[in-house]
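Letter by letter, the chains look like this.
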Amino acid sequence: MTGAIVIGADPFACGALAFAGVTPIGVVDPDAPAAAARLGLLHPGVLFEPYPVALAEAHPAAIVGGAGLVVDVSGDEAARLAANDACRVAGVPFTTAAVGEKGALVLSAPGHADGCWRCAGVSAPAGQMPAPLGPLAAALAVAAGLAGTAGVLEVDAATLAVARRAVPPLPDCAACAAQSS
Ligand SMILES: [Zn+2]
């Protein structure tokens with residue numbers, strides 16, 4: 001893998017990637033410099049590259065292009081959609097995690113044959129990911145991305161049972177239509 005990009009300075013997602021031996025790890029968050037410095041102390045063998053920007057207001061294609069995997073754990077729908085669309089166009093595997101009252105939702109789209117976040121047709125709750133589901137969803141997003149799992153993983157908040165469903169690309173999805181082949 002040629003490194004990963006994490007949208008959101010999430011210690012669980014970054015730590016899971018670091019423990020899997022992924023380096024470099026780009027961290028996209030206005031607080032990225034401080035987070036990257038902390039993570040670098042915890043994982044001295046891993047290079048953390050800070051991108052202190054809001055992805056939706058930056059140039060997403062320049063940031064995600066060439067990454068081996070992009071993981072969105074920002075909890076921000078604008079950032080999620082920007083990352084989703086840029087990853088589709090660039091052909092970069094993408095996972096995103098969202099948490100609501102009923103549980104967590106992880107979309108993993110490892111390749112062109114899979115549908116994207118827009119195709120999944122789910123509405124994401126806004127706001128930061130709360131404990132204890134947030135760390136679980138972040139780790140699940142990383143694990144699904146590294147394993148190349150395709151589809152939506154739904155985590156029941158009460159039982160923590162995980163169910164997977166396939167997400168085929170929708171014919172009228174603009175993001176999937178724009179992807180390079
Ligand atoms: Zn799509």
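Draft legend 1. Representation of the sheet that holds strand β6 (residues 103-109) within the structure. With mixed pairing, eight strands are arranged side by side in an open sheet as β3-β2-β1-β4-β5-β6-β7-β8. Each edge of the sheet is formed by a strand with only one pairing partner; in this case those strands are β3 (48-51) and β8 (162-165). For this sheet, the mean angle separating the axes of adjacent strands, direction not counted, is 15°. As paired strands, β6 and strand β7 (residues 151-156) are joined by six bridges and run antiparallel to one another. Each residue of the ladder has a partner; that of leucine 105, found in β7, is glutamate 154. Packing against the sheet, helix α2 (residues 32-42) makes contact with β2 (25-28) and β3, and its axis sits at approximately 170° to β3.

Draft legend 2. Structural detail: helix α6 (residues 133-147). Its 15 residues place the ends of α6 21 Å apart at the C-alpha level, agreeing with the 21 Å of an ideal helix rising 1.5 Å per residue. Burial of α6 is extensive: 13 of the 15 residues sit out of reach of the surface. Downstream of α6 by a residue or two, glycine 148 has a phi angle that is positive, lying close to 75°.

Draft legend 3. Up close: the packing of helix α1 (residues 11-19) against α6. Where α1 contacts α6, the axes come no closer than 8 Å and their chain directions differ by 35°. In this structure, α1 meets α6 at a crossing whose hand is right-handed. On α6, the residues touching Phe12, Ala13, Ala16 and Leu17 of α1 are Pro135, Ala138, Ala139, Ala141 and Val142. Grouping the constituent residues of the contact of α1 with α6 by class yields nine nonpolar, no polar and no charged.

Draft legend 4. Spotlight on helix α4 (residues 77-90). In a regular helix each residue adds 1.5 Å, so 14 residues correspond to 20 Å; α4 covers 20 Å between its end C-alpha atoms and thus fits that length. For α4, the full list of buried residues reads Ala79, Arg80, Leu81, Ala82, Ala83, Asn84, Asp85, Ala86, Cys87 and Arg88. Buried residues along α4 sit against β1 (4-7), α3 (60-64), β4 (69-72), β5 (94-99), α5 (117-120) and α7 (174-177). One or two positions beyond α4, positive phi appears at glycine 91, with a value near 70°.

The rules we used
Residues numbered from 1 in each chain as written. Predicted model: local features only at pLDDT ≥ 70, side-chain atom pairs only at ≥ 80, totals over all residues. Pairing = 2+ DSSP bridges. Helix = DSSP H or I, 4+ residues; strand = E, 2+ residues; numbered from the N terminus. Axes fitted to C-alpha atoms, helices over the stretch in contact; angles between N-to-C directions. Contact = placed C-beta atoms within 7 Å. Expected span 1.5 Å × (residues − 1). Buried ≥ 20, exposed ≤ 12 C-beta atoms within 10 Å, placed from the backbone. Left-handed = near helix turned anticlockwise from the far one by under 90°. Nonpolar A, V, L, I, M, F, W, Y, C, P; charged D, E, K, R; others polar.

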